[in-house]
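# Coordinate inspection notes
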Amino acid sequence: MYCYDFHVVLKDVPGEISLCFTISGCPLNCEDCHSPFLKEKRAGKRFRQRVYRGILYRYFGFATCVVFKGGEWHKKELIANLKYAREQGYKTCLYTGLEEVDQTILDQLTWIKTGKWIKSLGGLENPNTNQVFMDVKHHEVLNHLFIQA
């Protein structure tokens, strides 16, 4: 598994300060993909457990959530990383272009964003988007949190 980049983000999960890992090797081939460089299987750096755990340790008490943008194609590794984040007291989120995700992944998530990028429909900030941001435990759609009044 390769990580293209890591950022501390404020908007991906409303109300949370999130540690965001963008995983490369996306197999979805969404039309009008806004990040076509993520299709490369080895774009970025190899995802190292020592580095990942160090980041979670360093930001503990400041950040509240760990977000993976992609990575579901590395199911076993993704589950292990999500599980570790939860064990360390973090909430978890996955951004995916898929409509449905394996239950074993869902079991490790607090939130999930599903749906391919369709340029004409926009992202979560657009009321007409095809994408869905959901509280996994309560099956509650929370797209309204992204739409500015």
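Anyway, here's the lowdown on the structure attached to this text. (Residues numbered from 1 in each chain as written. Predicted model: local features only at pLDDT ≥ 70, side-chain atom pairs only at ≥ 80, totals over all residues. Heavy atoms only, no water.)

From N to C terminus, the protein chain includes three helices and eight strands. Its helices and strands in sequence order give the protein chain the pattern β-β-β-α-β-α-β-α-β-β-β, from N to C terminus. At 15 Å, the protein chain has a C-alpha radius of gyration in line with the 15 Å of a compact globule built from 149 residues. Across the protein chain, contacts joining residues at least 24 apart in sequence account for 52% of those joining residues at least 6 apart. Of note, the protein chain has its 20 positive side-chain charges centred 9 Å away from the centre of its 16 negative side-chain charges. (Helix = DSSP H or I, 4+ residues; strand = E, 2+ residues; numbered from the N terminus. Rg over C-alpha atoms; globule rule 2.2 N^0.38 Å. Contact = heavy atoms within 4.5 Å. Lys, Arg positive; Asp, Glu negative; His and termini not counted. Charge placed at Lys NZ, Arg CZ, Asp CG, Glu CD.)

Let us look at the pattern of salt bridges. Per the stated rule, a full pass over the model turns up three salt bridges. With a closest N to O distance of 3.0 Å, Asp-12 and Lys-69 form a salt bridge. Here the residue Asp-12 occupies a position in the loop between strand S1 (2-9) and strand S2 (18-23), and Lys-69 occupies one in strand S4 (residues 65-69), the gap between them amounting to 57 residues. Exposure remark for Asp-12: the relative accessible area of 12% places this residue in the buried category. Given a relative accessible area of 29%, Lys-69 falls into the partly exposed group. A salt bridge links Lys-75 to Asp-102; its shortest N-O distance comes to 3.1 Å. Residue Lys-75 is found in helix H2 (residues 75-87), and its partner Asp-102 is found in the loop between strand S5 (91-95) and helix H3 (103-106); the two are separated by 27 residues along the sequence. With a relative accessible area of 34%, Asp-102 lands in the partly exposed category. (Salt bridge = Lys/Arg side-chain N within 4 Å of Asp/Glu carboxyl O. Buried < 20%, exposed > 50% of the residue type's maximum accessible area, 1.4 Å probe, protein only.)

Of all hydrophobic cores here, the largest spans 25 residues; its most connected members are Phe-21, Tyr-52, Leu-56, Val-66 and Phe-68. The leading source of residues in this core is H2, at five residues. Beyond its immediate stretch of four places on either side in the chain, Leu-56 contacts Leu-19, Phe-21, Val-66, Tyr-84, Ala-85 and Tyr-90. Among the nonpolar cores identified, the runner-up in size contains 12 residues, and Val-13, Leu-124, Phe-133 and Phe-146 belong to it. (Core = buried A, V, L, I, M, F, W, Y, C linked by side-chain atoms within 4.5 Å.)

All right, on to helix H1 (residues 49-59) then. Turning to H1, its buried residues number three or more, namely Tyr-52, Ile-55 and Leu-56. The buried residues of H1 occupy an angular sector of 95° when projected down its axis, which confines them to one face. Set apart from the buried face of H1 by more than 90 degrees, the exposed residues are Arg-50, Tyr-57 and Arg-58. Positive phi shows up at Gly-61, right after H1, with a value of about 90°. (Arc of directions from axis to C-beta.)

With that settled, the discussion passes to the sheet that holds S4. Judged by pairing direction, the sheet is mixed, and its eight strands sit side by side in the order S3-S1-S2-S4-S5-S6-S7-S8 without closing on themselves. Of all the strands in the sheet, the pair left with one neighbour each is strand S3 (45-46) and strand S8 (140-141). Note that S1 and S2 share six bridges and pair antiparallel. In the sheet register, Phe-6 faces S2, and the bridge partner there is Phe-21. Those strands touched by H1 are S1, S2 and S4, and its axis lies near 160° from that of S2. (Pairing = 2+ DSSP bridges. Axes fitted to C-alpha atoms, helices over the stretch in contact; angles between N-to-C directions.)

For the rest of this paragraph, the subject is a positive patch on the surface. Side chains of Lys-41, Arg-42, Arg-46, Arg-48 and Arg-50 sit close together on the surface and give a patch of like positive charge. Tracing the backbone through its elements, the reader meets Lys-41 in the loop between S2 and S3. (Patch = residues over 30% accessible without salt bridge, like charges linked within 9 Å, V, L, I, M, F, W, Y side chains within 5 Å. Areas by Shrake-Rupley, 256 points an atom, 1.4 Å probe, with all protein chains shown as cover.)

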